[in-house]
Amino acid sequence: MRLRVPVLAMMLFVVCSARAQSPPPPDQTEQIRILLERVQQLEKRVADLETKPAAAAESPVNVAAVTKPEMAEAAPPPGPVQGHQHETAETQASVGQMEVHYPSLQIRGFGDVNFSATDQKGTNSGFNLGQLDLHLASALSRKVTYFGELTFNAQPTGYTVEVERSIIRYDYNDFFKLSFGRYHTPIGYWNTAFHHGAWLQTTISRPDMIRIGGSFIPVHFVGFLAEGNIPSGGAGLSYNVGVGNGRGSIISRPGDAGDNNSNRAWVANLYSRPVKLYGLQMGISVYRDKITLPIVTATGNEFREWISAAHIVWTKEHPEFLAEFANVNHKNILTNAITNNQAYYVQVAYRLPWFEKSLKPYYRFEHTHTPLSEQLFTNQNLVGSILGLRYDITNYASFKTEYRNTKRLPTDPRVNGAFFQTDFTF
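The following refers to the structure shown. Since this is a predicted model, take the numbers as computed values, not measurements.

Another point: the overall build of the protein chain. A count of helical and extended segments in the protein chain gives five helices and 17 strands. Going through the 426 residues of the protein chain one by one, you find that 41% of them count as buried. Long-range pairs, those at least 24 residues apart, make up 55% of the contacts in the protein chain with a sequence separation of at least 6. Per element, the accessible surface of the protein chain, about 22700 Å² overall, is 64% carbon and sulfur.

And the structure:
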């Protein structure tokens, strides 16, 4: 369109020059007038055509539609719930960018640095380097994607590398998605909402019942998982159903290299996100497994495990409320002895309206009980309180400070501690 403007101007210049050099005949005067009108009309049309696309591009609706993925990736709001939404939006944006070229690897990361000091005997205060967590995402086709998560963990003799998640997923539609690999066991809420990046969660640490490296609830699972939405109107029902290896010979780890018995574990999770109560989620989970220990004792080495759990959360930050409960039932296959272990936590937080909403105080109470007759778990009793404050330095980094008061056994003294963390995403 823009190339026509000089041509029209040249035509006008030639016509005007010819008119100035010699008076045109009467019949040519009318032709020149008509020609000039047509030139003016064409110039007006060209101007209109050049103006409309620019106006459309600058309209609020189109600007929002074009910039929304970039804004979601470049400027996520602070806080754990928003952090989790940032990860989801980031994944969607990455997949959208990779739809043309397959595969196309996208990398995101998390990290943290910590300082702790407690009055527990035998412990030293000081700094420690937390996890360096890398997320790897790649679309392999329009419906097939790969996701991986690697963590680098500081140890006294060096660093260890752990494959936290390695998943290939087929998205048939919103109601059925099938994935294979190593993923976080969908028991309760926290374990699949806040993953390994400390920046994603409000607090410095996870609840003890779902602690990384802990054994109360199996944090990881190797197998396949089906998930999706359930047509339910305003109830907003969704599900997860999986079958896999379950716990390994070390019960805090899954059977990455293969199961240690011929019995598969399975897990089912059903939760609701009511449309009219945005931010509310309620759910129940069930987990079934057969555990085989590597050492045979007089009472045997095989146990049946039933885990039942429930959660209710309000993910908005005015206030934020998280609560989970789990019962872990163990039955000795040889002696039929049955034990039940319970754990729960309640966490509340509120993002203050001052200082550009960068401050978020929080409190968490948690309790774990294992009976003296428990044959599989070592003692995991805990009564603890955490009082803390999160300060979002930017949309990509935060500073957290916590006071903790915990007690394990009735005969143990209470332990008081101060903990500090700076965490970030990149």
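Back to the write-up after that little detour.
This next bit is on unusual backbone geometry. Note that the residue after Tyr-102, namely Pro-103, is joined by a cis bond; omega there is -15 degrees. Counting through the fold element by element, Pro-103 comes out in the loop between helix H4 (80–97) and strand S1 (105–118). The linkage connecting His-318 with the following residue, Pro-319, adopts the cis geometry, with an omega of 5 degrees. Notably, Asn-336 is not glycine yet its phi reads approximately 65 degrees, a positive angle. Secondary-structure assignment places Asn-336 in the loop between strand S12 (320–332) and strand S13 (338–349). Look at Asn-336 and you get partly exposed, because its relative accessible area is 48%.

A separate point is the side chain of His-311. By the secondary structure assignment, His-311 is in strand S11 (residues 302–314). For His-311, the side chain forms a polar contact with the side chain of Gln-281, separated by 3.1 Å. When sequence neighbours within four positions are dropped, the list of residues in contact with His-311 reads Gly-188, Tyr-189, Tyr-271, Gln-281, Met-282, Gly-283, Ala-323 and Glu-324.

Attention now goes to the side chain of Asn-269. Along the chain, Asn-269 turns up in strand S9 (residues 265–272). Within polar-contact distance, the side chain of Asn-269 engages the side chain of Ser-285 at 2.9 Å. Aside from chain neighbours lying at most four places away, what touches Asn-269 is Pro-186, Gly-188, Ser-238, Tyr-239, Asn-240, Ile-284 and Ser-285.

Together, Val-113, Phe-127, Leu-129, Leu-132, Tyr-159, Phe-424 and Phe-426 give the surface a local cluster of nonpolar side chains, amounting to about 720 Å² of exposed area. Inspection of the secondary structure puts Phe-127 in strand S2 (residues 126–129).

With that settled, the discussion passes to the pattern of salt bridges. A complete count under the given rule lists 21 salt bridges for this structure. Here Arg-165 and Glu-149 are joined by a salt bridge, their closest N and O atoms 2.7 Å apart. One end of the pair, Arg-165, is in strand S5 (residues 158–173); the other, Glu-149, is in strand S4 (residues 144–155), and 16 residues separate them in sequence. Look at Glu-149 and you get buried, because its relative accessible area is 0%. Close ionic contact of Arg-351 with Glu-317 constitutes a salt bridge, the shortest N to O distance being 2.7 Å. Taken together, the positions of Arg-351 in the loop between S13 and strand S14 (359–369) and Glu-317 in the loop between S11 and S12 put the pair 34 residues apart, joining distant regions of the chain. The two residues Arg-351 and Glu-317 agree in class, both being buried.

Looking now at the pairing of strand S6 (residues 176–184). As paired elements, S5 and S6 share seven bridges and run antiparallel to each other. Residue pairing across strands places Asn-173 opposite Phe-176, the latter belonging to S6. The turn joining S5 and S6, which pair antiparallel and follow one another in sequence, is formed by two residues. Pairing analysis gives eight bridges linking S6 to strand S7 (residues 220–230), with the strands arranged antiparallel. Each residue of the ladder has a partner; that of Arg-182, found in S7, is Val-222.

A separate point is the nonpolar core. In this structure, Ile-187, Phe-194, Met-209, Phe-216, Ile-217, Tyr-287 and Leu-322 are the most contacted members of the largest nonpolar core, which totals 32 residues. With four residues, S11 is the largest single contributor of residues to this core. Residue contacts for Ile-217: discarding those within four places in its chain leaves Ile-187, Met-209, Ile-210, Arg-247 and Ala-326. Within the second largest apolar cluster, five residues are counted, among which are Ile-204, Ala-349, Ile-386 and Phe-419.

Next up on the list: the pairing of S5. Sheet analysis places S4 next to S5, joined by twelve bridges and oriented antiparallel. The partner of Gln-155 across the bridge, within S5, is Gly-158. Two successive antiparallel strands, S4 and S5, enclose a turn made up of two residues.

Further remarks concern the packing of aromatic side chains. Considering all chains together, one arrives at 15 aromatic pairs under this definition. Centre to centre, the rings of Trp-190 and Tyr-345 are 5.9 Å apart; their planes meet at 85 degrees, and the pair counts as edge-to-face. Of this pair, Trp-190 sits in helix H5 (residues 190–193) while Tyr-345 sits in strand S13, placing them 155 residues apart in sequence. Summarising the burial analysis for this pair, Trp-190 and Tyr-345 share the class buried. Here the aromatic residues Phe-115, Phe-127, Phe-399 and Phe-420 are joined through ring pairs into a cluster of three or more. Positioned above the aromatic ring of Phe-419, the side-chain terminus of Arg-404 is 3.7 Å from the ring centre.

Conventions we followed
- Residues numbered from 1 in each chain as written.
- Predicted model: local features only at pLDDT ≥ 70, side-chain atom pairs only at ≥ 80, totals over all residues.
- Heavy atoms only, no water.
- Helix = DSSP H or I, 4+ residues; strand = E, 2+ residues; numbered from the N terminus.
- Buried < 20%, exposed > 50% of the residue type's maximum accessible area, 1.4 Å probe, protein only.
- Contact = heavy atoms within 4.5 Å.
- Areas by Shrake-Rupley, 256 points an atom, 1.4 Å probe, with all protein chains shown as cover.
- Polar contact = N/O pair within 3.5 Å; in protein donor to acceptor, adjacent residues only side chain to side chain.
- Patch = residues over 30% accessible without salt bridge, like charges linked within 9 Å, V, L, I, M, F, W, Y side chains within 5 Å.
- Salt bridge = Lys/Arg side-chain N within 4 Å of Asp/Glu carboxyl O.
- Pairing = 2+ DSSP bridges.
- Core = buried A, V, L, I, M, F, W, Y, C linked by side-chain atoms within 4.5 Å.
- Phe/Tyr/Trp six-rings, centres within 6.5 Å; stacked < 30°, edge-to-face > 60°.
- Lys NZ or Arg CZ within 6 Å of the ring centre and 35° of its normal.

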